[in-house]
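Here are the chains, one letter per residue:
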Amino acid sequence: MSLAGLTYDVDAVVLDIEGTTSATGFVVDVLYPYSRSRFGALLAERGGDPEVARAVAQVRELTDDPEADAVAVEKTLNAWLDEDRKATPLKTLQGIIWSEGFARGDLVSHFYDDVVPRLRAWHTAGVRLYVYSSGSVAAQRAWFTNSPEGDLTSLVSGLYDTENAGPKQEPESYRRIADATGIGPARLLFLSDRPGELDAARATGWHAVGIRRPGEPYYEQGVGDHAQAGTFDEITITTSGSST
Ligand SMILES: CSCCC(=O)C(=O)COP(=O)(O)O
Ligand SMILES: [Mg+2]
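Everything quoted here is computed from the prediction, not taken from an experiment. (Residues numbered from 1 in each chain as written. Chains lettered and ligands numbered in written order. Predicted model: local features only at pLDDT ≥ 70, side-chain atom pairs only at ≥ 80, totals over all residues. Heavy atoms only, no water.)

Things to note about the packing of helix H3 (residues 50–62) against helix H5 (residues 88–103)
Think of two packed helices as two axes; the pair is described by the angle between the axes and how far apart they sit. Between H3 and H5, the shortest axis-to-axis distance is 8 Å and the interhelical angle comes to 155°. On the basis of their axis angle, the class for H3 and H5 is roughly antiparallel. Note on packing geometry: the crossing formed by H3 with H5 is left-handed. Of the residues in H5, those touching H3 at Glu51, Val52, Ala55, Gln58, Val59 and Leu62 are Thr88, Pro89, Thr92, Leu93 and Ile96. The residue inventory of the contact of H3 with H5, partitioned by class, reads seven nonpolar, three polar and one charged. (Axes fitted to C-alpha atoms, helices over the stretch in contact; angles between N-to-C directions. Helix = DSSP H or I, 4+ residues; strand = E, 2+ residues; numbered from the N terminus. Parallel < 35°, antiparallel > 145°, perpendicular 65-115°, else oblique. Left-handed = near helix turned anticlockwise from the far one by under 90°. Contact = heavy atoms within 4.5 Å. Nonpolar A, V, L, I, M, F, W, Y, C, P; charged D, E, K, R; others polar.)

Some details on unusual backbone geometry
Of note in the backbone geometry, Asp64 takes a positive phi value of approximately 55° without being a glycine. For Asp64, the position within the fold is in the loop between H3 and helix H4 (70–82). Phi is positive for Asp84, which is not a glycine, with a value near 50°. Tracing the backbone shows Asp84 in the loop between H4 and H5.

A short note on the site of ligand 1
The immediate surroundings of ligand 1 are formed by 13 residues, with Asp16, Lys91, Ser133, Ser134 and Lys168 found nearest. A distance of 2.8 Å separates an oxygen atom of ligand 1 from a polar side-chain atom of Asp16. At 2.7 Å from an oxygen atom of ligand 1 is found a side-chain nitrogen or oxygen belonging to Lys168. When the free accessible area of ligand 1 is taken as 400 Å², the share hidden by the protein chains comes to 99%. Elements represented by at least two residues in the shell around ligand 1 include exactly H5 and helix H7 (137–145). Broken down by class, the residue content of the shell around ligand 1 amounts to five nonpolar, three polar and five charged. (Near = heavy atom within 4 Å. Polar contact = N/O pair within 3.5 Å; in protein donor to acceptor, adjacent residues only side chain to side chain. Areas by Shrake-Rupley, 256 points an atom, 1.4 Å probe, with all protein chains shown as cover.)

A short note on the pattern of salt bridges
Under the counting rule described, the total for this entry stands at 17 salt bridges. Between Lys168 and Asp16 there is a salt bridge, with the nearest N and O atoms lying 2.6 Å from each other. Placement of Lys168 in the loop between strand E4 (156–160) and helix H8 (171–181) and of Asp16 in the loop between strand E2 (12–15) and helix H1 (24–36) is noted, with a sequence separation of 152 residues between them. Comparing Lys168 with Asp16, the two get one shared label, buried. A salt bridge links Arg213 to Asp114, with the shortest nitrogen-to-oxygen separation between them at 2.9 Å. Remark: Asp114 occurs in the loop between H5 and helix H6 (115–124) and Arg213 occurs in the loop between strand E6 (207–211) and strand E7 (227–229); sequence separation between them is 99 residues. Accessibility classification places Arg213 together with Asp114 in one group, the buried group. (Salt bridge = Lys/Arg side-chain N within 4 Å of Asp/Glu carboxyl O. Buried < 20%, exposed > 50% of the residue type's maximum accessible area, 1.4 Å probe, protein only.)

Let's talk about the domain arrangement of the protein
Along its sequence, the protein is carved into domain 1 (6–22 + 110–243) and domain 2 (28–104). On a C-alpha basis, the centres of domain 1 and domain 2 stand 26 Å from each other. Residue-level contacts link twelve residues of domain 1 with 13 residues of domain 2. In total, domain 1 and domain 2 occlude about 1,000 Å² of area from one another, counting both sides; carbon and sulfur atoms represent 55% of this. On the domain 1 side of the contact with domain 2, Glu18, Ser134 and Glu163 bury the most area, a combined 38% of that side's loss. Applying the counting criterion to the domain 1 and domain 2 interface returns two salt bridges. A salt bridge links Glu163 to Arg54, with the nearest nitrogen and oxygen atoms 2.9 Å apart. Inspection of the domain 1/domain 2 interface yields four residue pairs in polar contact (both at pLDDT 80 or more). Tallied by class, residues from the side of domain 1 that touches domain 2 come to four nonpolar, five polar and three charged. (Domains from an automatic or database assignment. Buried area = accessible area lost by both parts, 1.4 Å probe.)

Right, here's the structure in full:
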């Protein structure tokens, strides 16, 4: 199923979250209901906040309904939640709600057991770590700040989402990230559960490894012809001569 002993000589690893570092089940069963039950209040009480207003405008544009009121916008957000659609305004509004939930102690994030030890080891060895997720930068920051193992943000050199980098299945997004990090594409490794994302990363000259974990939505479908690993422990990173 997975190939043991994958070795990459790179300067940085870029991490997908859902399905890769963390369980989709946790996101869908814990985070999604948390946001679903708070969209109504956010739209009603803080619709004038610039970030909320911008997201609402994006929802209206994407649904081609310029007159959509708060009730209609909430209905759209919930429909996107049901299909796990990675729509940017949904992710922006979720990010606001989740960040506040993490800050007040309602939420603690989830990482698979192999992930945090590997991230620490790679970071110690001088490998830079970045996140590229459909979850907003605000959500990513809250996720890494409020992990079961404490604040992990010092491990991470940068956060990218569909706002600051673009859609995850478009090669141009990976070019943007490479430019922003100042690291050449051949020195970047992307880890993700979704074949379309791995295709886009590889199309720009990045290394890409599909993470296939039992129980994840893409486990059965697989990751096409990409190298694959069942856990981060199967991946060895060498950088500037070090190996971990
Ligand atoms: C902390 S991000 C929460 C998860 C989420 O909403 C999401 O869309 C993650 O998607 P990914 O691109 O990481 O698979
Ligand atoms: Mg994913």
